[in-house]
Amino acid sequence: MLLNQKMKEMHLPHAEAGVVQYLLAQGSAVRGLSTRRIASECYTTPPTLVRLGQRLGFEGWADFIDAFLDEQDYVERHFQQIDANRPFSPGSSPATIANKIATLQQESIQDTIALLDYHMLQKAVNCLLRTRNVYLVGVSISLDCTYQFKHQMQRLGKNVILEANQGELLCTLMAATPDDCAIVVSYSGTTQRIVDAMRILYEEGVPIILLTGLGQNPIIEKAECVLHMTTRERLYSKIGNFTTEVSTHLLLDILYSCYFAADYEKNWDRRIRTAHQAELYRLSDNEIMME
């Protein structure tokens with residue numbers, strides 16, 4: 001859950017609620033203001049601000065305001081000209097829809113790269129390199145997004161386990177060991193089957209690479225590596241999963257590419273050899289495609 005949303009939904013004492021209203025109204029304009037100045041603007045005292053920060057899960061005001069401003073920067077960075085949930089309107093022409101969807105995908109890519117923590121990315125790649133098996137975990141759309149990653153990694157000789165039968169998912173994960181790793185994809189981080197899967201993996205000591213939305217959720221603390229996907233869509237009120245699908249595919253493509261690059265020549269030879277053996281009858285007269 002984003003911090004802004006959490007602030008809006010919490011039932012707070014009157015003085016703290018006044019601070020929240022002030023912050024939501026001012027946004028990033030509070031950057032650089034002292035605790036005393038903000039307290040004065042809200043007709044309250046600095047200890048009230050400290051209590052608000054603690055109530056929201058931070059050690060104090062300083063940690064809270066840093067997180068709040070980071071989130072404001074994210075919210076204001078992209079998607080100013082297009083709504084991720086309703087990118088086109090009733091009566092839009094095919095040409096308008098085509099350009100809106102293209103713009104939405106471009107924004108999703110830029111947004112995902114802006115969120116990418118490169119230290120965390122390297123940590124995730126190292127995890128993939130040292131593990132025996134990779135377990136892929138997701139439900140619904142998230143699960144669908146992982147199939148291409150499995151396809152690509154297996155052509156490099158990496159054993160990837162994807163349990164498509166959701167009724168068997170937890171049993172399959174119980175076979176994982178600390179010598180393996182898991183990539184878990186969950187936009188909200190609140191789906192019960194994902195919560196259960198994370199619990200089993202964590203209890204078995206399996207390193208977890210988590211692809212999830214920005215903000216706190218029940219599973220994020222169990223992951224060894226966290227890569228954030230663009231976080232602009234509502235859970236239900238939207239035309240499609242346009243931004244989350246683009247973001248998830250991009251992160252998985254980046255993980256695959258970094259894994260490939262870690263032993264480039266070996267993986268190149270393996271990829272070509274596998275393709276020749278597995279795709280014998282792929283032919284084309286197109287000069288660009290021709291081998």
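Here, the structure is the one placed above.
Residues numbered from 1 in each chain as written. Predicted model: local features only at pLDDT ≥ 70, side-chain atom pairs only at ≥ 80, totals over all residues. Heavy atoms only, no water.

This brings us to the nonpolar core. As a rule of thumb, nonpolar side chains are buried together in soluble globular proteins. In this structure, Leu128, Phe149, Ile183, Ile209, Leu211 and Leu255 are the most contacted members of the largest nonpolar core, which totals 32 residues. Listed by contribution, the elements that provide at least two residues to this core are helix H7 (118–130), strand S1 (133–137), helix H8 (141–154), strand S2 (159–162), strand S3 (181–186), strand S4 (208–212), strand S5 (225–228) and helix H11 (242–261). Top contributing element to this core by residue count: H11, with eight residues. The next biggest cluster of nonpolar side chains, apart from the first, holds 20 residues, and it includes Tyr135, Leu169, Ile194 and Ile208. (Core = buried A, V, L, I, M, F, W, Y, C linked by side-chain atoms within 4.5 Å. Buried < 20%, exposed > 50% of the residue type's maximum accessible area, 1.4 Å probe, protein only. Helix = DSSP H or I, 4+ residues; strand = E, 2+ residues; numbered from the N terminus.)

The next thing to look at is the state of the cysteines. Scanning the entire structure with this criterion turns up zero disulfides. With no disulfide partner, Cys181 has as its closest neighbouring cysteine sulfur the one in Cys127, 4.1 Å distant. (Disulfide = S-S within 2.5 Å.)

To describe a pair of aromatic rings, one takes the distance between the centres and the angle between the planes. Tallied over the entire structure, the rule returns five aromatic pairs. Consider the rings of Trp61 and Phe64, whose centres lie 5.2 Å apart with planes at 50 degrees: the pair is tilted. Placement of the pair is Trp61 and Phe64 together in helix H5 (residues 61–77), with a separation of three residues, close to one helical turn. As far as burial versus exposure is concerned, Trp61 and Phe64 are alike and both buried. Centre to centre, the rings of Phe260 and Tyr264 are 5.2 Å apart; their planes meet at 80 degrees, and the pair counts as edge-to-face. Residue classification places Tyr264 among the partly exposed residues on the basis of a relative accessible area of 45%. (Phe/Tyr/Trp six-rings, centres within 6.5 Å; stacked < 30°, edge-to-face > 60°.)

Right, let's get into the pattern of salt bridges. One pass over the structure, following the stated rule, counts seven salt bridges. Between Arg199 and Glu203 there is a salt bridge whose closest N-O contact spans 3.8 Å. Here the residue Arg199 and the residue Glu203 both occupy positions in helix H10 (residues 192–203), the gap between them amounting to four residues, near one helical turn. Using a relative accessible area of 36% as the deciding quantity, one classes Arg199 as partly exposed. (Salt bridge = Lys/Arg side-chain N within 4 Å of Asp/Glu carboxyl O.)

Turning to the sheet that holds S1, a few remarks are in order. Within a sheet, adjacent strands bond to each other through the backbone by hydrogen bonds, running parallel or antiparallel. As summarised here, the arrangement of the five strands in space is S2-S1-S3-S4-S5, forming an open sheet in which the pairing is parallel. A strand with exactly one partner marks an edge of an open sheet, and here the two such strands are S2 and S5. The average angle at which neighbouring strand axes cross in this sheet is 20 degrees, direction not considered. Pairing of S1 with S3, which is carried by four bridges, proceeds in the parallel orientation. (Pairing = 2+ DSSP bridges. Axes fitted to C-alpha atoms, helices over the stretch in contact; angles between N-to-C directions.)

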